[in-house]
Amino acid sequence: MCLALPGKSLQQPLVKNKVVTPMRKEINFSVIGQYVDYLVKEQGVKNVFVNGTTGEGLSLSISERRRVAEEWVTKGRNKLDQVVIHVGALSLKESQELAQHAAEIGADGIAVIAPFFLKPWNKDVLINFLKEVAAAAPALPFYYYHIPALTGIKIRAEELLDGIQDKIPTFQGLKFSDTDLLDFGQCVDQNRQRQFAFLFGVDEQLLSALVMGATGAVGSTYNYLGKKTNQMLEAFEQKDFSVALNYQSHFLIYFSCLGFGVSQTKAIMTLVSGIPMGPPRLPLQKASREFTDNAEAKLKSLNFLSFTSLKDRNLEACS
Ligand SMILES: CC(=O)N[C@@H]([C@@H](O)[C@H](O)[C@H](O)CO)[C@@H](O)CC(=O)C(=O)O
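What counts and how
Residues numbered from 1 in each chain as written. Predicted model: local features only at pLDDT ≥ 70, side-chain atom pairs only at ≥ 80, totals over all residues. Heavy atoms only, no water. UniProt positions renumbered as here; feature names shortened; annotations may be inferred. Helix = DSSP H or I, 4+ residues; strand = E, 2+ residues; numbered from the N terminus. Buried < 20%, exposed > 50% of the residue type's maximum accessible area, 1.4 Å probe, protein only. Domains from an automatic or database assignment. Contact = heavy atoms within 4.5 Å. Buried area = accessible area lost by both parts, 1.4 Å probe. Salt bridge = Lys/Arg side-chain N within 4 Å of Asp/Glu carboxyl O. Polar contact = N/O pair within 3.5 Å; in protein donor to acceptor, adjacent residues only side chain to side chain. Near = heavy atom within 4 Å. Areas by Shrake-Rupley, 256 points an atom, 1.4 Å probe, with all protein chains shown as cover. Nonpolar A, V, L, I, M, F, W, Y, C, P; charged D, E, K, R; others polar. Axes fitted to C-alpha atoms, helices over the stretch in contact; angles between N-to-C directions. Left-handed = near helix turned anticlockwise from the far one by under 90°. Expected span 1.5 Å × (residues − 1). Bend = angle between axes of the 7 residues up to and from the residue. Pairing = 2+ DSSP bridges.

- Per an unreviewed UniProt entry, the protein carries the name N-acetylneuraminate lyase and comes from Prolemur simus.
- In UniProt, the protein has this text filed under Subcellular location (unreviewed entry): "Cytoplasm".

Laid out in structure tokens, this is it:
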């Protein structure tokens, strides 16, 4: 999910939500409309990032990814501001197919991770790969999704940024999911004309990244902390740093006790929204009953649950 700083143009939205992909045995497409409404009305989140890490994009088949993207674009029409589709894949052909598809269905942008099995070993090779994908959707804003802990590709974002727009004219910015704030700061520093968006993807460090010049945030916790994070962004804009810090520490440090994996996110979202997000797909494991009971108690103590009894609700993610 992606949130936007008040006052910033939507070209550079501040908070994007990384949506989960609702599942039962198969993907549960039927709840995506309800999910859109929940994000907009309850969390104030109008920008989404689909088929990313949180959405288990790399665990879905190509046809599933196409259908999930279609569903978000269709159900989000006239409700969401931006739907960005992650189209990264190990196969260049598949990535291009997904990029082209994103353009055809009217998505607002695409993002791509580095291929991580047969790896690009230097910046030029990585840019060549990204360039070929971007060329399949020449009218769509393109984001490089930097997540080295998961891809194993250690090419620094700052290095990649140097001269990238000459190679990829649609390059719009970075989704930076790494804790290396030195690299992040160097990216910001390099962007003197401020033409790129820097969407930060480590939610628990967002405030530090804002101080360093992040123009947006993309993360899993905005599924249930979107409203709170928007309040933090507003406090930051108003230069009310102690309030901003309070939001950052209180909520993220508290939630970090629960855990931030995809399974946990799906279970927490099921509890908080009442929408059955289901278990994740193998190789991930569903959250344990112990986790869910613990999470439910903590959420209740924080007044995060809008309903008093969960007994009758469909808690597939939790059982
Ligand atoms: C490794 C990981 O899943 N990182 C999350 C964060 O939002 C993360 O869940 C959060 O910072 C809590 O650690 C996002 O950056 C991932 C993401 O953007 C995505 O779903 O594509």
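## Observations concerning the UniProt feature "binding site: pyruvate" (unreviewed entry) in the protein
Line of reasoning, step 1. Residues annotated in UniProt with the feature "binding site: pyruvate" (unreviewed entry) correspond here to T54 and V218. Look at the named residues: they lie 165 residues apart in sequence, but the longest C-alpha span between them is just 10.7 Å, so in the fold they bunch up.
Line of reasoning, step 2. Note on placement: T54 falls in the loop between strand 3 (47-50) and helix 2 (62-76).
Line of reasoning, step 3. Residue classification places T54 among the buried positions, given a relative accessible area of 8%.
Line of reasoning, step 4. Tracing the chain through its elements places V218 in strand 9 (residues 216-219).

## Quick word on the domain arrangement of the protein
Line of reasoning, step 1. What the domain assignment lists for the protein is domain 1 (2-240) and domain 2 (257-319).
Line of reasoning, step 2. In this structure, domain 1 and domain 2 have C-alpha centres spaced 24 Å apart.
Line of reasoning, step 3. If you look at the interface, domain 1 gives 26 residues, while domain 2 gives 18 residues.
Line of reasoning, step 4. For the pair domain 1 and domain 2, the two sides together bury roughly 1800 Å², of which 66% comes from carbon and sulfur.
Line of reasoning, step 5. Area buried by domain 1 at its contact with domain 2 is led by M23, Y38 and Y224, which between them contribute 33% of it.
Line of reasoning, step 6. In this assembly, domain 1 and domain 2 are joined by two salt bridges.
Line of reasoning, step 7. E56 serves as the salt-bridge partner of K266, at 2.8 Å between the closest nitrogen and oxygen.
Line of reasoning, step 8. Counting the contacts that link domain 1 with domain 2 gives six residue pairs in polar contact (both at pLDDT 80 or more).

## Things to note about the site of the ligand
Line of reasoning, step 1. Lining the immediate surroundings of the ligand are 16 residues, of which K18, T54, Y145, G201 and E204 lie closest.
Line of reasoning, step 2. A distance of 2.6 Å is found between an oxygen atom of the ligand and a side-chain nitrogen or oxygen belonging to K175.
Line of reasoning, step 3. Relative to its unbound accessible area of 490 Å², the ligand is 85% covered by the protein chains.
Line of reasoning, step 4. In terms of residue class, the shell around the ligand is made up of five nonpolar, seven polar and four charged.

## Quick look at the UniProt feature "active site" (unreviewed entry) in the protein
Line of reasoning, step 1. Sequence positions flagged by UniProt for "active site" (unreviewed entry) are, in local numbering, Y145 and K175. These residues run over 31 residues, yet every pair of their C-alpha atoms falls within 4.7 Å of each other.
Line of reasoning, step 2. Using a relative accessible area of 2% as the deciding quantity, one classes Y145 as buried.
Line of reasoning, step 3. With respect to the helices, strands and loops of the structure, K175 is situated in strand 7 (residues 171-176).
Line of reasoning, step 4. Classification of K175 by relative accessible area gives buried; the value is 2%.
Line of reasoning, step 5. With sequence-adjacent residues up to four places away left out, K175 is seen in contact with K18, F49, Y144, Y145, H146, L199, G201 and V218.

## Some points on the packing of helix 3 (residues 92-105) against helix 4 (residues 123-135)
To describe two helices that pack against each other, one gives the angle between their axes and the distance between the axes.
Line of reasoning, step 1. It is at 8 Å that the axes of helix 3 and helix 4 come closest, and there the two elements cross at 35 degrees. Here helix 3 runs over helix 4; the crossing is right-handed. For the pair helix 3 and helix 4, the contacting residues are L92, S95, Q96 and A99 in the first and F129, E132 and V133 in the second.
Line of reasoning, step 2. A breakdown of the residues in the contact of helix 3 with helix 4 according to their chemical character gives four nonpolar, two polar and one charged.

## A short note on helix 10 (residues 222-237)
Line of reasoning, step 1. Over its 16 residues, helix 10 runs only 18 Å from end to end, short of the ideal 22 Å by more than 12%, given 1.5 Å per residue.
Line of reasoning, step 2. For helix 10, the principal kink sits at K228 and spans about 40 degrees.
Line of reasoning, step 3. Listed in full, the buried residues belonging to helix 10 are Y222, N223, Y224, L225, G226, T229, N230, M232, L233, A235 and F236.
Line of reasoning, step 4. Of the residues trailing helix 10, K239 is marked for its positive phi of about 65 degrees.

## Let's talk about the pairing of strand 6 (residues 142-146)
Line of reasoning, step 1. The buried count for strand 6 comes to five of five residues, which makes it a mostly enclosed element.
Line of reasoning, step 2. Every second residue of strand 6 is oriented toward a common face, with F142, Y144 and H146 on one face and Y143 and Y145 on the other, all of them buried.
Line of reasoning, step 3. Where strand 5 (residues 109-112) meets strand 6, three bridges bridge the pair, whose relative direction is parallel. Among the inter-strand pairings, A111 is bridged to a residue of strand 6, identified as Y143.
Line of reasoning, step 4. The pairing of strand 6 with strand 7 spans five bridges and is classified as parallel. Looking at strand 7, one finds that Y143 is bridged to G173.

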